[in-house]
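Structural characterization, general
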Amino acid sequence: MKVTLIRHAETEDNFLGKIQGRSNSLLNDTGRRQSLRLKMKLSDLNYDLCYISPLIRCFETAIVLVGDRTEIIRDERLIEREMGELEGRPKEEYNAFQFWNYDKNRSDYGVEPVQDLIKRCEDFLNELKEKYPDMSIMIVTHSGPYRALRHLLKGDTLKGNLLDGPIDNCSCEEFEI
């Protein structure tokens, strides 16, 4: 199975440096341009299915990337990490290192524990492997599930701090599993 993992394009909250969480915001003009640029990079590739988070920013990104050529399927397991009381706050108020430590598994302020995030992403991937072993799948999601899925797809050891650098809007990586 081939998996192309994509983070949604930029929204106004991304631009303003706010913690977006599960708020349902639209792409901004920069985000629409990012999507078009990524579409050009992926123009030679064909996908059997495109799975997305149920939030509109992922749908908007996916519709630019695959249009009506590929079936788009919403899956709740791809929704952004619950950010609790931190949603809408400036990113500077969020200590990412403390919330991405697998062993500490923090849930302060109502933030979804990292082990819960990884479990739902692992369930999603296992289902894909079972149902579509020979297909090419695009996944459009958010930075939290993107990071969790990337660790799982790479077969990383899940312990300690899993924060491994920023994941920019419209980031894209391909995996063979």
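In case you missed it, the structure is sitting above this.
Description of the structure in this document. On a predicted model such as this, the values are computed, not experimentally measured, just so you know.

Judged by nonpolar contacts, the single largest core of 34 residues is most densely connected at Y51, Y94, L128, I137, I139 and L149. Examining the composition of this core, we find that 7 residues originate from one element, helix α5 (residues 114-131), more than from any other. With sequence-adjacent residues up to four places away left out, Y94 is seen in contact with I19, R81, M83, L86, F99 and W100. I52, A62, V66 and M138 belong to the second largest nonpolar core, which has 15 residues in total.

What follows covers the packing of α5 against helix α6 (residues 143-154). Contact geometry for α5 and α6: axes closest at 9 Å, N-to-C directions at 60 degrees. On the basis of their axis angle, the class for α5 and α6 is oblique. Here α5 and α6 pass one another in a crossing that is right-handed. Facing L117, I118, R120, C121, E122, F124 and L125 of α5, the residues of α6 in contact are G144, P145, A148, L149, L152 and L153. When the residues that make up the contact of α5 with α6 are grouped by side-chain class, the tally is 10 nonpolar, 1 polar and 2 charged.

Taking strand neighbours across the sheet as the criterion, the 5 strands line up as β3-β2-β4-β1-β5 in an open arrangement whose pairing is mixed. The open sheet has two free edges, formed respectively by β3 (71-74) and β5 (172-176), since each of these has just one partner strand. Averaged over neighbouring strand pairs, the angle between their axes works out to 20 degrees when direction is ignored. Helix-sheet contacts for α6 involve β1 (2-7), β4 (136-141) and β5, and the interaxial angle to β1 is about 150 degrees.

The subject of this paragraph is the layout of surface pockets. Approximately 540 Å³ is the volume found for the largest pocket. Surrounding the largest pocket, 25 residues form its lining, R7, E80, K91, Y94 and S143 being those nearest its centre. When residues in the lining of the largest pocket are grouped by element, the largest group, 3 residues, is from α6. Considering only residue class, the lining of the largest pocket consists of 8 nonpolar, 9 polar and 8 charged.

Extensive coverage of β4 is indicated by the burial of 6 of its 6 residues. Burial along β4 is two-sided: S136, M138 and V140 facing one way and I137, I139 and T141 facing the other are all buried. Where β1 lies against β4, 6 bridges are found, and the strand directions are parallel. Of the residues in β4, the one forming a bridge with K2 is S136. Direction of pairing for strand β2 (residues 49-52) relative to β4: parallel, over a ladder of 4 bridges. In the sheet register, L49 faces β4, and the bridge partner there is I137.

Reading the values: rules and limits
Residues numbered from 1 in each chain as written. Predicted model: local features only at pLDDT ≥ 70, side-chain atom pairs only at ≥ 80, totals over all residues. Heavy atoms only, no water. Core = buried A, V, L, I, M, F, W, Y, C linked by side-chain atoms within 4.5 Å. Buried < 20%, exposed > 50% of the residue type's maximum accessible area, 1.4 Å probe, protein only. Helix = DSSP H or I, 4+ residues; strand = E, 2+ residues; numbered from the N terminus. Contact = heavy atoms within 4.5 Å. Axes fitted to C-alpha atoms, helices over the stretch in contact; angles between N-to-C directions. Parallel < 35°, antiparallel > 145°, perpendicular 65-115°, else oblique. Left-handed = near helix turned anticlockwise from the far one by under 90°. Nonpolar A, V, L, I, M, F, W, Y, C, P; charged D, E, K, R; others polar. Pairing = 2+ DSSP bridges. 1 Å grid on protein atoms, 1.4 Å probe; cavity = no way out; pocket = protein on both sides within 12 Å on 5 of 7 lines; lining within 4 Å. Points joined across faces, edges and corners; volume = space filled by probe spheres on them.

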